[in-house]
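Coordinate analysis (summary)
Each chain, letter by letter, is given below.
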Amino acid sequence: MEAIPGRARLYVGCAALTALLCLAPVPALAGPPGPDPSRWAAGLLRADSSTWAVILLAALYAAGRWAARARFRGPGPATSPAAPVFHPVLLAGAFLLPPPAAALVPLPGVLLARVEQRPAAVRRLWRAAQCVLAVWAAARVHGLLGGRDAVAACAVPRALLPAGAAVLVYCAVLALLDGGIRVLAERVPPRRAWRGLFSRSLAPLAVHGLAGLMMAVLWHSPYGPVAALLVLFPMGVAWWVFAQYHRERAAHHATIRALVQAVDIKDGYTRGHSERVGQASMMIARELGMDERRVEVLRFAGILHDVGKLGVPTRLLRKDGPLTPEERRVIELHPEYGHEITRGITFRGEARSAILHHHERLDGGGYPYGLVGRQIPEPARVVAVADAFDAMTSTRSYSRARPVAVALEELGRCAGTQFDPRMVGALVRALDRHGWHPVVTADESAPTLPAPASAGDRRGVAR
């Protein structure tokens, strides 16, 4: 979303002002100013070791971000405030330098980086402020605990405790700032905005912190900065593996999008339905307090719940008239078809179980296996409610959309017989808090197809 709310802009401005205060006093980076290049070079030669450390680390970080951006076209690991392999560079700066100097290290790389989304200036300012504050806080804690003296003496055991505390603070500041912007810019509830941000990033940052500490210690060793930079080689290999994972994940998402588009083309009645069911499933899952990994699994399950229609003859999906019992049985095979189609996709079992059982009913009257109550997997009960809700609230060629309140009332009426009351209640609470703003709407530009007389029987809530 390109628009950033005013309160989020104010938050970014306050963070940027605080970051600016953290940069003072800034160490002099060169000699006396002047147009003469020889005087400028002489000034650089007189610069102290801290200044050289700032220059080298900042150049390394900027070059690394540029390489990461060249590697990833579009959203990916390079778009985070510090691409994963370059956290050790920032943390090494926090271990080597005073807080104001350490906070300078990320600035060139962040301020010169390309920003895809608008407004670019605000987003660039936010990323710079975020990095400056996290590095400054880490360097401050590290210095207060005597970490710089231990690093200068190459006393690794004595340097571990200050370095560990600095990593904790670095991780906490990033999580705190991230959660705040999610609340103000994305309107995520505070109870959920910070959930998991710290715990998910702590383990990888602890590894990066050790690499940063090794860089800092080697920097003061007889071998100097060149040896310190060699520490980045194994981190670069790890980043390459991470890049391969990102590519595989992107291909995975592309496969899912292609399958969804194929279903939309084949069954024009439900154009956009899959994405909306994925969104509603995600809302229910989050309201139930599921972790973000399960939330993502349920979103994919909702998106692909009808992919089995690819195995149903198109003439049955678009038939103008009532279905015969044999034709109905063919259509009711689509959950099993979907279960088989997704066998080759790297899904967790929960997603495929939701695809297979999302037409089961609590009273045992559903299909394909007539499961009863708790025999129906929890993900399938989530997707069933999301599927029915979107079916009722979407405008299609054969039916007008019902108001959200009417659809929720119908879901409540069927709770306990067709739907799990817990899932219905979670959807009601989520909609009360966030409203219903589907990302994908019915494609009104698509050609209107003749409405089958039995559409309500085939696609309604009470099947």
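Reading the values: rules and limits
- Residues numbered from 1 in each chain as written.
- Predicted model: local features only at pLDDT ≥ 70, side-chain atom pairs only at ≥ 80, totals over all residues.
- Heavy atoms only, no water.
- Helix = DSSP H or I, 4+ residues; strand = E, 2+ residues; numbered from the N terminus.
- Buried < 20%, exposed > 50% of the residue type's maximum accessible area, 1.4 Å probe, protein only.
- Contact = heavy atoms within 4.5 Å.
- Areas by Shrake-Rupley, 256 points an atom, 1.4 Å probe, with all protein chains shown as cover.
- UniProt positions renumbered as here; feature names shortened; annotations may be inferred.
- Salt bridge = Lys/Arg side-chain N within 4 Å of Asp/Glu carboxyl O.
- Core = buried A, V, L, I, M, F, W, Y, C linked by side-chain atoms within 4.5 Å.
- 1 Å grid on protein atoms, 1.4 Å probe; cavity = no way out; pocket = protein on both sides within 12 Å on 5 of 7 lines; lining within 4 Å.
- Points joined across faces, edges and corners; volume = space filled by probe spheres on them.
- Nonpolar A, V, L, I, M, F, W, Y, C, P; charged D, E, K, R; others polar.
- Expected span 1.5 Å × (residues − 1).
- Axes fitted to C-alpha atoms, helices over the stretch in contact; angles between N-to-C directions.
- Parallel < 35°, antiparallel > 145°, perpendicular 65-115°, else oblique.
- Left-handed = near helix turned anticlockwise from the far one by under 90°.
- Patch = residues over 30% accessible without salt bridge, like charges linked within 9 Å, V, L, I, M, F, W, Y side chains within 5 Å.
- Phe/Tyr/Trp six-rings, centres within 6.5 Å; stacked < 30°, edge-to-face > 60°.
- Lys NZ or Arg CZ within 6 Å of the ring centre and 35° of its normal.

This next bit is on the overall build of the chain. Looking only at helices and strands, the chain has 23 helices and 0 strands in total. Taken across its 463 residues, the chain has 50% of its residues classed as buried. Within the chain, residue pairs in contact and separated by at least 24 positions form 71% of the contacts whose partners lie at least 6 positions apart. Just so you have it, the chain exposes about 21,900 Å², and 63% of that area is on carbon and sulfur atoms.

When the UniProt feature table is mapped onto this chain, "transmembrane region" (unreviewed entry) is found at residues 40-63, 165-185, 197-219 and 225-243. End-to-end, the C-alpha atoms of residues 165-185 are 30 Å apart, and along that stretch the chain is 100% helix and 0% strand. Here residues 197-219 is 100% helix and 0% strand, with 32 Å between the C-alpha atoms at its ends.

In this section: the environment of Leu144. If you trace the backbone, Leu144 turns up in helix α7 (residues 120-144). Along the primary structure Leu144 and Ala166 are separated by 22 residues, whereas in three dimensions their C-alpha atoms are 10.0 Å apart.

Let us look at the pattern of salt bridges. In the structure shown here, the tally under the stated rule is 14 salt bridges. Arg286 is the salt-bridge partner of Glu292, the closest N and O atoms lying 3.1 Å from each other. Its relative accessible area of 28% is what places Glu292 among the partly exposed residues. For Arg286, a relative accessible area of 23% translates into the label partly exposed. The residue Arg315 makes a salt bridge to Glu327 at a minimum N-O spacing of 4.0 Å. Separated by 12 residues along the polypeptide, Arg315 in helix α16 (residues 314-317) and Glu327 in helix α17 (residues 325-331) bring together distant segments of the chain. The class for Glu327 is buried, based on a relative accessible area of 14%. Through salt bridges with shared partners, a single network forms among Arg294, Glu350, Glu378 and Arg422.

Ranked by size, the top nonpolar core spans 59 residues in total, and within it Leu57, Phe95, Leu97 and Tyr170 carry the most contacts. The dominant element in this core, judged by the number of residues it contributes, is α7, at 12 residues. The contacts of Phe95, once residues within four sequence positions are left out, are His142, Arg148, Val151, Ala163, Ala166, Val167, Gly209, Gly212, Leu213 and Ala216. In this structure, Val277, Ala285, Leu408 and Val424 belong to the second largest nonpolar core, which totals 34 residues.

Quick look at empty space enclosed by the protein now. With the rule as written, the count across this model stands at 2 cavities of 30 Å³ or more. If you add up the space inside the largest cavity, you get close to 40 Å³. Elements with a contribution of two residues or more to the lining of the largest cavity: α10 (190-193), α14 (273-287) and α22 (421-434). The residue makeup of the lining of the largest cavity, split by class, is 1 nonpolar, 1 polar and 6 charged. Lining the second largest cavity are Glu360, Leu362, Ile376, Arg381, Ala384, Gln418, Phe419 and Asp420. A class-by-class count of the residues in the lining of the second largest cavity yields 4 nonpolar, 1 polar and 3 charged.

Below, the discussion takes up helix α1 (residues 6-22). Helical periodicity: at 3.6 residues per turn, an α-helix aligns residues three or four positions apart in one direction. The end-to-end C-alpha distance of α1, which contains 17 residues, comes to 24 Å, matching closely the 24 Å that a straight helix rising 1.5 Å per residue would cover. If you follow the buried residues of α1, they end up packed against α5 (99-102), α7 and α9 (156-185).

Right, let's get into the packing of α7 against α9. Two elements in contact, α7 and α9, have axes whose closest approach is 8 Å; the angle formed by their N-to-C orientations is 150°. Our classification of the angle between α7 and α9 gives roughly antiparallel. As α7 runs across α9, the sense of the crossing is right-handed. Residues Trp126, Gln130, Leu133, Ala134, Val135, Ala137, Ala138, Val141 and His142 of α7 touch α9, and the partners they reach there are Pro162, Ala163, Ala165, Ala166, Val169, Tyr170, Val173, Leu174, Leu177, Asp178 and Ile181. Its residues placed into classes, the contact of α7 with α9 shows 17 nonpolar, 2 polar and 1 charged.

Taken together, the side chains of Leu17, Leu20 and Leu21 present a nonpolar region at the surface, about 350 Å² in accessible area. Positionally, Leu17 belongs in helix α1.

Glancing now at the packing of aromatic side chains. Taken as a whole and assessed by the stated rule, the structure comprises 2 aromatic pairs. Ring plane angle 40° and centroid distance 5.6 Å describe the contact between Tyr11 and Trp126, whose orientation is recorded as tilted. With Tyr11 in helix α1 and Trp126 in helix α7, this residue pair connects regions lying 115 residues apart in the sequence. Trp126 gets classed as buried once you look at its relative accessible area, which sits at 11%. Seen from their ring centres, Phe389 and Trp436 are 5.2 Å apart, and the 80° between their planes marks the pair as edge-to-face. Residue Phe389 is found in helix α20 (residues 378-393), and its partner Trp436 is found in the loop between α22 and α23 (455-459); the two are separated by 47 residues along the sequence. On the basis of relative accessibility, which here comes to 15%, the residue Trp436 falls in the buried class. Over the ring of Phe300 we find Arg299; its NZ or CZ atom is 4.8 Å from the centre of that ring.

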